[in-house]
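For reference, the chains in residue letters:
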Amino acid sequence: MTEPFLALDEPPAYGVVNPDGASPYVLLCEHASPRIPRCLGDLGLQEAERLRHIGWDIGAQALALGLAAALDAPLFLTNYSRLAIDCNRPLDAASLMPEVSEATVVPGNRGLTASARRARIEALHNPYHAAVARRLDARQAAGLPTLVVGVHSFTPQFKGNERPWHAGILFERAEAFGRALIAALAEDPTLVIAANEPYRIDTDDYTVPVHGDARGLPAVLLEVRHDLIADAAGVRDWTARLSHALRAAQTHGTSGRLADRAGR
Ligand SMILES: [Zn+2]
């Protein structure tokens, strides 16, 4: 008999908060936790490495919980580190189980067998995305307007470079919604808010292309610089700011206009 990937006393792969919330927003948080499944040990990394931004999005879970409460929105969040498996990556992405993250070698991810990879996919990636897909299917079947928002944070410095933005709004097809959100946030002239920074949505993304664009649902990722949401006061501040902006941008998102991919 083989041991289950997650022991009975470990958290399940994902959690759901406020599943029947009245908001048109469905919030997703794939990098919410730095926890490593016990069967993977410490992946060969010191705690200081596992707890920095390569292991999780610092502050994102607290911000996502704040937004779920402020907006009365459903929230799905993963309970394990993206070093074990990155749930915002498609299964064929090289960075799904990164052998190197930023400049840190992840010994426990080197030379994984096909069965070791499959075990992580089946235990962590599949259940989370199946749960999100079921909920979106049910909402679409019920005719509920739905916008998909991923909640993330980014590190102020990456590979030695300072990042100038307070937050970025990332989108592929949902340009009208993304731009409306940026305009609402930019009403505060002290903020530097960018479109499609510090990353762009590409073929290594999962949430926006699969749960949003492929379904014809407006979808963006919020990326907040993590030093701004590293304490309770920062989380409160950004929860208020983002929930206000999301309410303001809601009508742009629910009008159903998605940019024509072929026209870009
Ligand atoms: Zn992230």
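Preceding this paragraph is the structure being described.
Predicted model, so just to flag it, every value in this text is computed and none were measured.

A. Fine view of the overall build of the protein chain. Assigned secondary structure in the protein chain consists of six helices and eleven strands. Whereas a compact globule of 264 residues would reach a radius of gyration of roughly 18 Å, the protein chain reaches 18 Å, a difference of no more than 12%. For the protein chain, buried positions account for 52% of its 264 residues. When contacts within the protein chain are restricted to residue pairs at least 6 apart in sequence, long-range pairs at least 24 apart make up 81% of them. When the accessible area of the protein chain is evaluated, it comes to approximately 11800 Å², of which 52% is carbon and sulfur surface. Computed over 26 positive and 31 negative side-chain charges, the inter-centroid distance for the protein chain is 2 Å.

B. Region of the structure containing the coordination of the zinc ion. Surrounding the zinc ion are the protein donor atoms H31 (ND1), D57 (OD) and H152 (ND1), at 2.0 to 2.1 Å. Read in sequence order, the donor residues coordinating the zinc ion give the pattern H-x25-D-x94-H. Taken together, the residues H31 in the loop between β2 (25–29) and α1 (47–50) and D57 in the loop between α1 and α2 (60–71) connect sequence positions 26 residues apart. Assigned by exposure class, H31 and D57 land together as buried.

C. Structural view of the environment of P198. Examined against the element boundaries, P198 turns out to sit in the loop between β10 (193–195) and α5 (207–212). Since its relative accessible area comes to 15%, P198 is described here as buried. Counting along the chain gives 29 residues from P198 to I169, while the straight-line C-alpha distance between them is 9.0 Å.

D. Structural context of the pairing of strand β3 (residues 75–78). Because side chains alternate across β3, one face comprises the buried residues L75 and L77, and the other comprises F76 and T78, equally buried. In this structure, strand β1 (residues 14–17) lies alongside β3, joined through four bridges in antiparallel fashion. Paired with Y14 across the strands is T78, a residue of β3.

E. Up close: the sheet that holds β3. With mixed pairing, seven strands are arranged side by side in an open sheet as β1-β3-β2-β6-β11-β9-β10. Both outer strands of the open sheet, β1 and β10, are each paired with one neighbouring strand and no more. Mean inter-strand twist for the sheet, computed between neighbouring axes without regard to direction, equals 20°. Where strand β6 (residues 147–154) and strand β11 (residues 219–225) come together, seven bridges link them in parallel fashion. Paired with F154 across the bridge in β11 is R225. Relative to β2, α2 is tilted by about 165°, and along the sheet it contacts β1, β2, β3, β6 and β11. Strand contacts of helix α3 (residues 114–141): β1, β2, β3 and β6, with the helix running at about 170° to β3, the strand carrying the most contacts.

F. Spotlight on the packing of aromatic side chains. Evaluation of the coordinates by the stated rule reveals three aromatic pairs. Consider the rings of F154 and W165, whose centres lie 6.5 Å apart with planes at 70°: the pair is edge-to-face. Taken together, the residues span a long stretch of sequence, with F154 in strand β6 and W165 in the loop between β8 (161–162) and β9 (167–170) at a distance of eleven residues. Exposure remark for F154: the relative accessible area of 1% places this residue in the buried category. Lying across the ring of W238, R241 places its NZ or CZ 4.5 Å from the centre.

G. A look at the pattern of salt bridges. This structure, assessed with the given rule, holds twelve salt bridges. For E102, the salt bridge is made with R52, and the minimal N-O distance between the two is 3.0 Å. Remark: R52 occurs in the loop between α1 and α2 and E102 occurs in the loop between β4 (100–101) and β5 (104–105); sequence separation between them is 50 residues. For R52, a relative accessible area of 26% puts it in the partly exposed group. Here D137 makes a salt bridge to R215, at a shortest N to O gap of 2.9 Å. Of this pair, D137 sits in helix α3 while R215 sits in the loop between α5 and β11; the two residues are 78 residues apart in sequence, bridging distant segments of the chain. For D137, a relative accessible area of 43% puts it in the partly exposed group. R215 sits in the partly exposed class, given a relative accessible area of 23%.

H. Up close: the side chain of H129. The residue H129 is located in helix α3 in this model. Apart from the residues lying within four places of it in its own chain, the contact partners of H129 are C87, Y206, T207 and H211.

Basis of the calculations
- Residue positions are given per chain, counting from 1 as you read along its sequence in written order.
- pLDDT decides what is reported in this predicted model: residues at 70 or higher carry local features, side-chain atom pairs at 80 or more are listed and counted, and totals for whole chains, interfaces and linings draw on all residues regardless.
- Processing note: side-chain calculations cover all non-hydrogen atoms of the structure and skip hydrogens and water entirely.
- In this description a helix means any DSSP run of H or I spanning at least four residues, a strand means any run of E spanning at least two, and both kinds are numbered starting from the N terminus.
- Between the two quantities, the radius of gyration covers C-alpha atoms and the globule rule is 2.2 Å times the number of residues to the power 0.38.
- Buried residues are those whose accessible area, probed at 1.4 Å on protein chains only, stays under 20% of the maximum for their type, while exposed residues exceed 50% and partly exposed ones sit between those limits.
- Contacts were defined at the residue level, with two residues in contact if any of their heavy atoms lie within 4.5 Å.
- Residue burial considers only the protein chains on display, and all accessible areas are found by Shrake-Rupley using a 1.4 Å probe.
- When charges are counted, Lys and Arg contribute as positive and Asp and Glu as negative, whereas His and the chain ends are disregarded.
- Every charge is mapped to an atom, namely NZ of Lys, CZ of Arg, CG of Asp or CD of Glu.
- Only nitrogen, oxygen and sulfur atoms qualify as donors, provided they sit within 2.8 Å of the metal or within 3.2 Å for Na, K and Ca; with water excluded from the atoms, sites may seem incomplete.
- Whether two strands pair depends on DSSP finding at least two bridges between them.
- Axes here mean lines fitted to C-alpha atoms, for a helix over just the part in contact, with angles spanning 0 to 180 degrees between N-to-C directions.
- What counts as a ring pair is set by centres within 6.5 Å for rings of Phe, Tyr and Trp (its six-membered ring), and what kind of pair is set by the plane angle: stacked under 30 degrees, edge-to-face over 60, tilted for all other angles.
- Whether a charge lies above a ring is judged from NZ of Lys or CZ of Arg, which has to be within 6 Å of the ring centre and within 35 degrees of the ring normal.
- For this analysis, a salt bridge means a side-chain nitrogen from Lys or Arg found within 4 Å of a carboxyl oxygen belonging to Asp or Glu.

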